[in-house]
Structure formats: C-alpha cells, structure tokens
Amino acid sequence: MPLRPDEVEVFERSRGRLEAIAYRLLGSASDAEDAVQDTFLRWQAADRERVETPEAWLTRVLTNLCLNQLTSARARRETYVGTWLPEPVLAGDRMLGPVDTVEQRESVSMAVLTLMERLSPNERAVYVLREAFGYPHGEIAEILGVSESNCQQIYRRAKQHVTVERAHADVDDAAARRIVTEFLTAANSGQIQRLVELLTGDVTSVGDGGGKIPARTTAVVGALAVAKFLRGLFRPSDVKRNLVGGSPALYAEVVNGGPAVVVVTGEQVVGVMSLEVTPEGVAAIRVQVNPDKLERVTRQWSVSAHSEPLLHVW
C-alpha cells in the first residue's frame with residue numbers, strides 16, 4: 001500500500017535520529033545513509049496499521065539492519081588495506097545527532113568510534129542506544145531479542161571495552177582553531193622540539209588511505225617519532241602536489257566534536273587530520289585520506305561557511 005503523506009511525515013520526523021544511530025553503529029556516514037534508506041523501504045512495505053509505536057518500530061528495524069552490516073563489515077575489514085578509521089563529519093551535520101551531554105559528544109568522537117570497533121555487534125548496539133540516546137535497557141533488550149538482565153551485562157561489558165582512558169579536553173570552535181593553529185605552526189616550522197612539546201609522550205599517529213592513497217599501514221608511536229613523521233609530511237614535494245591535484249590549503253575545523261585540520265585542494269577535501277586533545281597535549285592523530293570516506297565532508301564543505309585557511313603547503 002502506498003505511503004500516505006502522514007506516514008511519510010512519521011518517517012521524516014525520525015530520519016535525523018535514525019541517521020545519528022546508524023552513524024554511531026557503523027562509523028560510516030555513507031553506510032548509515034544506506035541503512036536509513038533500507039529502513040524507509042521496510043516502512044513502505046510494512047503493514048503500518050499494525051505498528052503501534054512507529055518510532056520504536058523504525059529503531060528496531062534500523063538497528064537490526066546495522067547489526068547485519070556490522071557482521072559483514074568485520075569480514076570486509078579483514079581484507080582492508082591498512083588501518084580502518086571512521087568516516088569524519090563536520091560540525092553541524094545532522095549525522096552527528098544529539099551532542100548535548102558529555103556522553104553524546106564522546107559517542108561520536110573519533111576516539112570512541114575507533115574504540116567501538118573492538119565491540120561485538122550486540123555490544124555496540126547496546127552501548128550506542130544506551131549511552132548516546134538514553135534508551136532504557138528493557139527497550140534495548142526488546143530490540144535485540146535478549147533478556148533485560150542480559151542487556152545490562154552486555155552494556156557493562158561494552159563500557160569496559162570502550163574506556164576513554166584519558167580526560168579529553170572539551171573544545172569549542174575558538175579553542176579548536178587555537179589548538180590547530182598552534183599545531184600547524186609547530187609542524188610547519190621545521191623545529192621538531194617545538195612540535196614534540198605539543199604532544200604527549202605516548203602519542204600515536206595513524207592514517208587510512210584504504211589502499212587508494214598512500215598512508216602508513218602501521219601507527220607511529222611516541223612524541224619524537226610522530227614529530228619527525230609530521231615534519232616529513234609537511235615537507236614540500238612534487239609527488240605530494242601531484243597526488244592531491246595541487247597545493248592544498250589547510251583549515252582549522254571541528255570534526256566529530258574535536259579539533260581537526262581539513263586539507264582542501266580547490267573545493268575537494270583531500271584529507272582530514274583529527275587531533276585527540278587531552279590536558280597533557282595531543283594524544284592521538286588520525287588522518288583520513290581515503291577518498292571514499294571524504295565524499296560527504298566534501299559535499300558539506302562546498303555548501304558551508306568556513307574561515308580563511310591557516311596555511312598553504314607544498
């Protein structure tokens with residue numbers, strides 16, 4: 001039966017929440033969009049007269065679609081070239097969903113999205129629905145087809161795995177720009193010690209090129225090693241210019257709630273360097289250069305206002 005206008009409206013009212021749940025579950029904005037579209041098709045095909053609570057029904061369908069995707073994604077990531085990192089999204093994207101509480105902001109941070117890769121599909125679903133959206137255990141248990149006590153055990157287990165071991169600095173737009181400015185100035189100065197002082201002693205740097213763009217397949221660990229690596233990254237070369245199609249501009253932006261360097265050539269985002277900031281310094285650098293994972297950011301970039309670039313390189 002075709003959807004009535006009011007039934008379309010029911011779905012559209014839930015779309016933002018469904019996208020935010022799917023993004024946290026999958027770590028991929030493009031996969032999240034697909035999952036939400038599949039949920040719409042299920043809604044279209046359902047006997048809607050028998051659905052008592054559409055919001056709960058849509059959440060259950062979406063979650064189960066995402067659980068299926070997570071199971072198949074695990075197999076795909078075993079053959080993924082290099083390190084798999086989440087897909088970044090800029091501040092203001094509705095894919096981020098609610099970010100009013102510390103828990104909600106952390107659940108969409110690059111650090112936690114990366115840590116959630118350790119979880120089983122059920123653990124990830126329970127953690128996201130409980131931590132970021134405040135669903136009661138009884139409702140989550142019903143969605144997953146488990147007992148409420150089992151759901152509580154799964155949640156405790158997930159919390160143990162997804163432990164942000166450091167206190168993260170909560171940054172606004174102004175603070176993010178200040179942090180990125182200081183970081184870029186040090187990285188581009190050629191003075192290794194100046195950059196080392198901004199990093200924690202056990203800082204890690206990792207990149208995701210997806211086998212399409214050159215990126216280190218193993219993490220760089222330690223302040224001095226990371227500083228030297230970054231200095232090489234910022235050193236000009238024709239090879240780098242050819243790789244990204246010119247001399248890129250570097251901007252300070254907020255990505256997934258944290259400070260980031262957005263690298264742009266023309267109107268194309270060719271890289272996002274997310275900085276995990278703690279009171280002790282920058283504790284992790286995650287560099288996304290896989291072009292497949294930069295399509296949404298590029299679309300956002302082309303229609304959003306942004307400040308002047310901090311730096312032109314190469």
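Heads up: the structure comes first, above all this text.
Anyway, here's the lowdown on the structure attached to this text. (Residues numbered from 1 in each chain as written. Predicted model: local features only at pLDDT ≥ 70, side-chain atom pairs only at ≥ 80, totals over all residues. Heavy atoms only, no water.)

**Focus: the nonpolar core**
One recurring pattern in soluble globular proteins is that nonpolar side chains are buried together. As a reminder, the rule being used: In plain words, nonpolar cores are sets of buried Ala, Val, Leu, Ile, Met, Phe, Trp, Tyr and Cys residues tied together by side-chain atoms within 4.5 Å. Buried residues are those whose accessible area, probed at 1.4 Å on protein chains only, stays under 20% of the maximum for their type, while exposed residues exceed 50% and partly exposed ones sit between those limits. Secondary structure elements are taken from DSSP: a helix is a run of H or I of four residues or more, a strand is a run of E of two residues or more, and numbering for both begins at the N terminus. Note on definitions: a residue-residue contact is assigned when non-hydrogen atoms from the two residues lie within 4.5 Å.
Ranked by internal contacts, the top residues of the largest apolar core, which has 52 residues, are Tyr-23, Trp-43, Leu-62 and Met-116. Elements represented by at least two residues in this core include exactly helix 1 (5-26), helix 2 (29-45), helix 3 (54-77), helix 5 (110-115), helix 6 (121-132), helix 7 (137-144) and helix 8 (148-161). When residues in this core are grouped by element, the largest group, 9 residues, is from helix 1. Sequence-distant contacts of Trp-43, defined by excluding residues within four places in its chain, comprise Leu-3, Glu-7, Val-10, Phe-11, Arg-48, Val-51, Pro-54, Trp-57 and Leu-58.

**Notes on unusual backbone geometry**
Of note, Asn-256 is a non-glycine position whose phi angle comes to about 50°, a positive value. Following the sequence through the fold, Asn-256 ends up in the loop between strand 3 (249-255) and strand 4 (258-265). For Asn-256, a relative accessible area of 2% gives the class buried.

**A few points about the side chain of Lys-240**
To be explicit about the condition: Under this rule, positive means Lys or Arg and negative means Asp or Glu; His and the chain ends count for nothing. By definition here, a salt bridge exists when the distance from a side-chain nitrogen of Lys or Arg to a carboxyl oxygen of Asp or Glu is within 4 Å. By the criterion applied in these results, polar contacts are pairs of N or O atoms within 3.5 Å in which, for protein atoms, one can donate a hydrogen and the other can accept it, and in which residues neighboring in sequence qualify only through two side-chain atoms.
With respect to the helices and strands, Lys-240 occurs in helix 12 (residues 238-244). No salt bridge is formed by the buried Lys-240, whose closest oppositely charged neighbour, Asp-238, lies at an N-O distance of 11 Å. A distance of 3.2 Å separates the side chain of Lys-240 from the backbone oxygen of Leu-233, its partner in a polar contact. Discounting residues that sit within four places of it in the chain, Lys-240 has contacts with Gly-232, Leu-233, Phe-234, Arg-235 and Trp-314.

**Brief notes about the sheet that holds strand 4**
As a reminder of what qualifies: DSSP-based pairing: two strands are paired if at least 2 bridges between them are found. The convention used is that axes are lines fitted to C-alpha atoms, helices contributing only their stretch in contact, and that angles between N-to-C directions extend from 0 to 180 degrees.
The 7 strands lie next to each other as 2-1-6-5-4-3-7, forming an open sheet whose pairing is mixed. The sheet terminates laterally at strand 2 (220-221) and strand 7 (311-312), the two strands that pair on one side only. Note: strand 1 (residues 199-208) against strand 6 (residues 281-288), 6 bridges, orientation parallel. By the bridge assignment, Val-206 is partnered in strand 6 with Arg-286. Running over the sheet, helix 11 (residues 223-234) touches strand 1, strand 2, strand 3, strand 5 (268-278), strand 6 and strand 7 and is turned about 45° from strand 1. Packed on one face of the sheet, helix 13 (residues 295-303) meets strand 3, strand 4 and strand 5 and runs near 100° to strand 5.

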